[in-house]
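What follows is each chain in one-letter form.
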Amino acid sequence: MSLRVATRSLVLVIVALVAVGCAGAGQVAVDATATPSATPTPTAAASATIAAGAQTWTVSDKSKATVRVREQLASLNFPSDAVLVATGAKGSFQLNDDGTFAPGSQISFDVSSLTSDQSQRDSFVKQSVLNTRQYPTATFVPTKVTGLTLPLAASAHVTFTLTGKLTIHGTEKEITFSVDATRSGGDLTATATLAPTVKFGDFGMPQPAAPGRVLSVVDEIKLTVDLVATGPKG
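Residues numbered from 1 in each chain as written. Predicted model: local features only at pLDDT ≥ 70, side-chain atom pairs only at ≥ 80, totals over all residues. Heavy atoms only, no water.

A look at the pairing of strand β4 (residues 106–115)
Note the threshold: Pairing between two strands requires that DSSP report at least two bridges joining them. Runs of E in the DSSP output that reach at least two residues are strands. Runs of H or I that reach at least four are helices, and both are numbered from the N terminus.
Taken together, the five bridges between strand β3 (residues 80–95) and β4 define a ladder with antiparallel strand orientation. Counterpart to Gly91 in the pairing with β4 is Ile107. Pairing between β4 and strand β5 (residues 137–146): four bridges, direction antiparallel. Each bridged residue has a counterpart across the sheet, and for Asp110 the counterpart in β5 is Thr137.

Put into structure tokens, the structure is as follows:
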């Protein structure tokens, strides 16, 4: 073999070795990129934080909803409040540390259970105003609280504003409650007052009218919910 040929062969071998080396290094780089260390996304991290601090409460059937409407009865010389109370409360809610509520949080009342001091009034309201045969349930889906320090202390008396969506008579409306609540360990009691009040038309309901018995009814619904719930003790 001539010196020129040997030299040429040696150069080709060196070039081949360099090429293989570069290829190997490239393969290592690709492999390292293909298996990055797992890091949680900001969304996942936030969700984990919210879930960790959430408090779940179960609504007791001791809860009740009270509706007040100003009326003028033909049998009286002065206006008075028609007071109707609904029971049959069900549901649960999960309050996150950021003041929002987890999906699935809901409180419902059996509006067909509404009763007052007059059975004729009860029948009229259920049949002609609420149409309870078609819409037997009133549902409230809470969305957020404001003015409340969270997480809620194990023993506390607090006031805050609660926002959510109320469905009555098949119609949904966003409303707010002013809430006065007390927590003692795993027991929670609260009085939530609708503020501002609503009108019958807001929920697609006719304003009550019973000629001969009811002279007039003020188009304003006052709603108060007395809530009793159980949850975490600490």
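So that's the structure; there's more coming.
Things to note about the pattern of salt bridges
Definition in use: One side-chain nitrogen of Lys or Arg within 4 Å of one carboxyl oxygen of Asp or Glu is enough to make a salt bridge. Buried residues are those whose accessible area, probed at 1.4 Å on protein chains only, stays under 20% of the maximum for their type, while exposed residues exceed 50% and partly exposed ones sit between those limits.
For the structure on display, the rule yields three salt bridges. Between Asp81 and Arg70 there is a salt bridge, with its nearest N and O atoms 3.1 Å apart. Pair noted here: Asp81 is in strand β3 and Arg70 is in strand β2 (residues 64–73), with a separation of eleven residues, a long-range link. Taking the relative accessible area as the measure of exposure, Arg70 reaches 37% and is therefore partly exposed. In this structure, the salt-bridge partner of Asp117 is Arg121, at a minimum N-O distance of 2.8 Å. Residues joined by salt bridges that share partners form a network here, namely Glu71, Asp117 and Arg121.

A look at the pairing of strand β1 (residues 55–59)
Residues Gln55, Trp57 and Val59 line the buried face of β1, whereas the alternating positions Thr56 and Thr58 sit on a face that is not buried. Sheet topology note: the β1/β3 ladder contains four bridges and is antiparallel. Opposite Trp57, over in β3, you have Phe93 as the bridge partner. Pairing of β1 with strand β10 (residues 222–230), which is carried by two bridges, proceeds in the antiparallel orientation. The partner of Val59 across the bridge, within β10, is Ala229.

Observations regarding the packing of aromatic side chains
Inclusion rule: We call Phe, Tyr and Trp rings a pair once their centres come within 6.5 Å, taking the six-membered ring for Trp, and we label the pair stacked below 30 degrees between planes, edge-to-face above 60, and tilted otherwise.
Overall, the coordinates contain two aromatic pairs when judged by the stated rule. Aromatic pair Phe93 and Phe101: ring centres 6.2 Å apart, planes at 65 degrees, arrangement edge-to-face. With a relative accessible area of 9%, Phe93 lands in the buried category. For the ring pair Phe140 and Phe177, a centre distance of 5.3 Å and an interplane angle of 90 degrees mean the geometry is edge-to-face.

Focus on the confidence of the model for the chain
Worth spelling out the cut-off: What pLDDT conveys is the predictor's confidence in a given residue, as a value from 0 to 100. It only takes one pair of heavy atoms within 4.5 Å for two residues to be counted as in contact.
With 77% of its residues at a pLDDT of 70 or more, the chain has an overall mean of 82. Residue range residues 1–52 is modelled with pLDDT below 50. Its contacts to residues more than four positions away, or to other chains, number three contacts.

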